[in-house]
Each structure stands twice: as C-alpha cells, then as structure tokens.
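What follows is the residue order along each chain.
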Amino acid sequence: MDQDESLNTLTDTSPHVLPPYPWSCVRKTAQVGLGLAGAAAALGLLANIVESAPSFLNTVRLALAAGGVLTTGIAVSKRPDLWRVWALGAGTALLAYFGTPVHWDSLRLVLGVLTTAAIAGAVLAVATLRWRYIVASVLILFHFFGIFMATVSPPPSPWLAEQIYHRLYSPYLQFVYLRNAYHFYSPQPGPASIVVFMLKTEIGEEPLPDGTKRKRYEYRWIILPQRYEGKRDPMGLTYIRRLSLTHHASQGQSDAMMPQTFERAEVHERRKELAMRLGGPYYPFHPVEPQYNQYRVPNPDVMRYVLPSYAQHVILENTPDAATAAKTTVKIYRLEHETLGVAEFNAGIDPYHPLTYRAFFLGEYGFRPDPTDSNRKRVRIELLDPQEKMLYWLVPVIPRTTNLPPGSSRKDYEDYLSAHALGVPLEDLEKEPHASRTLNWSLLR
C-alpha cells in the first residue's frame with residue numbers, strides 16, 4: 001500500500017477518530033450547571049432580603065455555586081469550539097458570583113475572572129483562525145512584558161517604566177502573583193521572616209500551698225514554615241511556598257515615624273518603662289538596633305485580616321474540639337532572620353544562631369463572644385489586649401552579659417522571647433517546668 005492509499009484510509013468513519021459530542025448533550029449539561037448557579041443566586045437574594053437568615057444557607061449556596069460551575073465547566077471542556085457553550089459558561093460564573101456569600105471574597109474574585117474569561121472565549125470561538133492567532137500573540141507579549149516590567153520597576157527606574165508599571169501592570173501582576181520575587185535578589189535580598197506561634201491551652205486547676213487553686217496550662221510552639229523530618233520534599237517546595245504566608249505578615253510600616261517624632265511618642269514612653277527595673281516585667285532594648293526601628297506596626301489589612309486568620313487557623317488546626325479551642329490563646333511573633341556578613345561567616349559564626357533573629361510581637365489572640373450576636377452563641381477571633389506594652393515591639397534576644405565558665409551547659413544568649421511567650425521573668429527560664437517549655441531554636445533551621 002502506497003502513501004496515498006494509507007492516507008485515504010483515515011476517514012471520518014475510522015474507528016480511531018472520535019466524533020464530537022452532540023450539541024444537545026452539551027447544552028443539557030451546561031443548562032444543569034446554569035440552573036444550579038441560578039438557584040445559588042436566588043438564595044443569595046433571599047439572604048439579603050431576610051435579616052435573620054439561617055447560617056446553613058451560606059453552605060447550601062456555596063455547594064450550589066460550586067456544583068454549577070463544575071458542571072458547566074465539564075460542558076465547556078466537551079465542546080470548546082462552540083461560542084454558545086462559552087456563553088452559558090459566562091452566565092453560570094456570573095450567577096455563581098452573586099450566589100457566593102460576600103465574605104468569600106477570594107472565591108467571588110475568581111468567579112468574576114471566570115466570567116470575563118468565558119466571555120473572551122465566546123468571542124474567540126466566533127472569530128476566524130487568524131484573529132485567534134493575533135489575540136493569543138498579543139496576550140503572550142503582554143504577559144511576558146509584564147514580567148520584564150517587574151524587573152525594572154524598583155527604584156531607581158525611568159519615569160516611563162514607572163508609569164507603565166503602576167498604571168497598567170501592577171494590578172495584573174498582583175492578581176497572578178508575578179511581581180513577588182523578580183527584584184528580591186539584587187543587590188541585597190533582605191531578611192527572611194518566620195512566624196512563630198505560642199499556643200496556651202487551659203487544662204485544669206492545681207492546688208497551691210495556701211489552699212487556693214490556680215489554672216494549669218499546656219504550652220506548644222508552632223513554627224511556620226518548618227522542615228519536618230521524615231517527610232520527603234526533595235525540592236523544598238512546601239517550605240518555599242509557605243514562606244509567602246510569612247511574607248504577608250511582614251508587611252509593615254517601619255518608616256512611619258521619624259526618629260525625632262518617635263522619641264516623643266507615647267508608645268516609646270511606655271516601652272522605656274519596661275527597659276527599667278521597676279519591679280514589673282523587664283525587657284531591655286536591643287543593643288544593636290536603633291530604638292525607632294524596634295517598633296514595627298503592620299499594615300491595617302494585616303492587623304485586621306491576616307493576623308486574626310492565621311491565629312484562628314493555628315488554634316483550630318491544633319485543638320481536638322471546639323471546647324478546647326475556646327480555652328486556647330495564641331501569641332504570634334514574626335522573626336526576621338538577619339543574613340551574616342562575609343567576615344562573620346568566615347569567622348565561623350553560626351548563621352542560625354538565636355542572636356541572628358529579630359522577634360517582633362504581633363499580639364495574643366483568642367476566641368471571644370461575638371458582640372453582634374444577641375444570642376451570645378457565636379464567637380470570633382480577636383486581639384485580646386490592644387494595650388499590651390510590648391505589642392509590635394522587638395522582643396530582644398541578646399548576648400549574655402556574664403561570662404560562662406568553660407564547658408558550661410548554660411546558653412550564651414538571653415532568651416527574652418521565650419520569657420515573654422511564657423509570661424515569666426527571664427531568671428525563671430532555667431527552672432522547671434519553664435526550662436522545658438522554651439523555644440527550640442534549632443527547629444528554625
């Protein structure tokens with residue numbers, strides 16, 4: 001058989017060529033998804049009208065919206081060459097957007113993008129092949145030029161590059177998360193951040209010699225991110241991806257105050273009281289860092305959304321039930337890991353020594369009754385003491401002032417971080433049970 005005859009055997013009747021899905025089947029599948037999303041939107045409208053709508057209604061809305069989008073997505077995957085199925089997909093995503101509860105803002109954003117993408121897909125399905133190539137080429141050039149702009153936008157940069165980046169590319173690159181790492185590594189990447197949590201759970205009471213009782217607590221350190229032994233991750237992707245969570249917590253306004261203004265600030269006056277031995281808690285200033293640089297207030301979005309969500313996740317993830325979670329609080333610390341200089345590294349200094357970390361206290365969080373609930377049944381996570389004197393301050397880890405004898409097992413640093421987390425004086429850290437509760441700094445490696 002020659003080549004022409006072999007080509008002629010590959011006709012539409014060949015068993016190896018599958019016919020496309022019939023439009024009637026695809027239409028019915030897409031209509032089912034459209035109906036589910038429409039039901040979610042109707043329930044959303046009902047929830048807005050009725051003031052005291054039951055809470056389970058949000059769960060039903062989410063299930064209907066997710067089911068509708070997935071069902072219509074299956075239909076689109078069967079016949080992506082038809083503009084009509086893309087139009088049904090756009091309608092489904094739009095109805096699912098209105099059917100999703102408002103507090104699921106990230107999901108609503110995704111559904112809005114899916115609506116726009118489906119509309120674009122319908123337009124491309126109608127267009128000729130030439131216009132499809134043109135649009136695809138423009139999108140590819142736009143995308144990669146945006147990556148190029150992310151590399152040249154940090155100052156000092158040309159005026160034109162700065163305008164193009166901030167007016168055109170910044171929202172796009174923020175959405176696809178492509179402006180994060182392209183300008184971090186030159187000339188100085190800056191310190192990385194690790195978030196450390198101290199969980200404190202009430203577990204009962206213990207008698208005292210005077211006949212009274214006091215509460216007993218269980219303490220646990222949680223480190224994010226952490227390399228777990230016994231779990232195989234050759235590329236370290238889990239560790240690197242979770243570093244992005246700590247990056248969100250590190251967004252602060254460290255330069256909000258000038259040194260002259262900071263010296264007269266109330267927070268500075270309150271902090272100076274803790275640096276004096278007046279009989280109360282004692283936390284000295286860090287001897288290396290300027291005092292105005294030891295106070296870092298996070299951005300409002302971080303204080304309002306990021307930190308409470310992290311605290312809530314850590315508590316719920318590490319408690320067996322709701323009753324235990326209600327008795328648990330968590331203190332959050334952001335640790336900046338300072339990179340050693342070349343001379344320090346050549347001198348043999350441990351790059352992971354506790355003295356290379358700068359720990360900022362971000363607050364203590366716990367579940368409290370929701371004041372907006374008249375029945376006092378709902379709870380919400382909140383900052384327990386906004387007036388804490390060490391809030392947003394650097395908790396020092398400094399060299400020990402006294403010389404240690406050769407062969408001594410005592411630490412060569414003073415761990416005020418562990419003392420603050422446990423709520424005990426520094427001198428008590430070398431006594432049990434506090435000595436076994438201090439932070440294991442080797443876990444930060």
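See above for the structure.
In this convention, every chain numbers its residues from 1, walking through the sequence in written order. Per-residue local features of the predicted model are confined to residues with pLDDT of at least 70, and side-chain atom pairs are confined, for both listing and counting, to 80 or more; whole-chain, interface and lining totals are unaffected and use all residues. Note: side-chain values were computed over all heavy atoms of the structure, leaving out hydrogens and water.

**Notes on the overall build of the chain**
Alright, step 1. Secondary structure elements are defined from DSSP: runs of H or I of at least 4 residues count as helices, runs of E of at least 2 residues count as strands, and each element is numbered from the N terminus. In terms of regular secondary structure, the chain is built from 14 helices and eight strands.
Alright, step 2. A simple rule labels every residue: compare its accessible area, found with a 1.4 Å probe on the protein chains alone, to the largest value its type can have, and call it buried under 20%, exposed over 50%, or partly exposed in between. In the chain, buried positions account for 33% of the 445 residues.
Alright, step 3. By definition in these notes, contact holds between two residues if any of their heavy atoms fall within 4.5 Å. The long-range fraction of contacts in the chain, counting pairs at least 24 apart against all pairs at least 6 apart in sequence, stands at 61%.

**Quick look at the packing of helix 2 (residues 23–49) against helix 3 (residues 56–78)**
Alright, step 1. Orientation is described by axes fitted as lines to C-alpha atoms, over the contacting stretch for helices, and by angles from 0 to 180 degrees between their N-to-C directions. Helix 3 packs onto helix 2 with a crossing angle of 160° between their chain directions and a minimal axis gap of 8 Å. Judged by the angle between their axes, helix 2 and helix 3 are roughly antiparallel. For the crossing formed where helix 2 meets helix 3, the hand is left-handed.
Alright, step 2. Following the grouping adopted for this structure description, the nonpolar residues are Ala, Val, Leu, Ile, Met, Phe, Trp, Tyr, Cys and Pro, the charged ones are Asp, Glu, Lys and Arg, and the polar ones are all others, Gly among them. Broken down by class, the residue content of the contact of helix 2 with helix 3 amounts to 16 nonpolar, seven polar and two charged. Throughout, the term roughly parallel applies to angles under 35 degrees, roughly antiparallel to angles over 145, roughly perpendicular to angles from 65 to 115, and oblique to all others. The crossing is said to be left-handed when, going from far helix to near helix, the turn is anticlockwise and less than a right angle, and right-handed when the turn is clockwise.

**Examining unusual backbone geometry**
Alright, step 1. The omega angle of the peptide bond from Leu224 to Pro225 is -10°, so this bond is cis rather than trans.
Alright, step 2. Structurally, the position occupied by Pro225 is in the loop between strand 2 (213–224) and helix 8 (237–249).
Alright, step 3. Here the bond from Glu432 into Pro433 is cis, since omega is 5°, no more than 30 degrees from zero.
Alright, step 4. Among the secondary structure elements, Pro433 is positioned in the segment after helix 14 (416–422).
Alright, step 5. Backbone geometry places Tyr392, a non-glycine residue, at a positive phi of 70°.
Alright, step 6. Within the secondary structure layout, Tyr392 lies in the loop between strand 5 (379–383) and strand 6 (394–395).

**Describing helix 7 (residues 159–175)**
Two residues of an α-helix separated by three or four positions point the same way, owing to the 3.6 residues in each turn.
Alright, step 1. Take the number of residues in a helix, subtract one, and multiply by 1.5 Å to get its expected span. Between its terminal C-alpha atoms helix 7 stretches 24 Å, which fits the 24 Å expected from 17 residues at 1.5 Å a residue.
Alright, step 2. Turning to helix 7, its buried residues number three or more, namely Ala161, Gln163, Tyr165, Tyr169, Ser170 and Leu173.
Alright, step 3. In this structure, the buried residues of helix 7 make contact with helix 6 (129–152).
Alright, step 4. Residue Tyr177 follows helix 7 closely and has a positive phi angle near 55°.

**Some remarks on the environment of Ala161**
Alright, step 1. Positionally, Ala161 belongs in helix 7.
Alright, step 2. Relative accessible area serves as the criterion here: at 12%, Ala161 is assigned to the buried category.
Alright, step 3. In this structure the C-alpha to C-alpha distance between Ala161 and Met149, which are twelve residues apart in sequence, comes to 7.0 Å.
Alright, step 4. Leave out the neighbours within four places in its chain, and Ala161 touches Met149 and Val152.

**Notes on the pattern of salt bridges**
Alright, step 1. A side-chain nitrogen of Lys or Arg and a carboxyl oxygen of Asp or Glu constitute a salt bridge if their distance falls within 4 Å. Under the defined criterion, the tally for this structure stands at 14 salt bridges.
Alright, step 2. Its salt-bridge partner being Glu269, residue Lys272 comes within 3.4 Å of it at the nearest N-O pair. A residue pair is termed a helical-turn pair when its members lie 3 or 4 positions apart in one helix, as Lys272 and Glu269 do in helix 10 (residues 266–274) at three residues.
Alright, step 3. Note that Asp428 and Lys431 form a salt bridge whose closest N and O atoms lie 3.6 Å from each other.
Alright, step 4. Residue classification places Asp428 among the partly exposed residues on the basis of a relative accessible area of 23%.
Alright, step 5. Judged by relative accessible area, which is 48%, Lys431 ranks as partly exposed.
Alright, step 6. Three or more residues joined by partner-sharing salt bridges are found here, namely Asp370, Arg378, Arg380 and Glu382.

**Looking at helix 2**
Alright, step 1. Taking 1.5 Å of rise per residue, 27 residues should cover 39 Å, and helix 2 covers 38 Å from first to last C-alpha, within 8% of that figure.
Alright, step 2. Taken together, the buried positions of helix 2 are Val26, Thr29, Ala30, Gly33, Ala37, Ala40, Ala41, Leu43, Gly44 and Ala47.
Alright, step 3. Tucked into the core, helix 2 has its buried residues touching helix 3 and helix 4 (83–99).

Take it as geometry only, folks, not as evidence of what the structure does.
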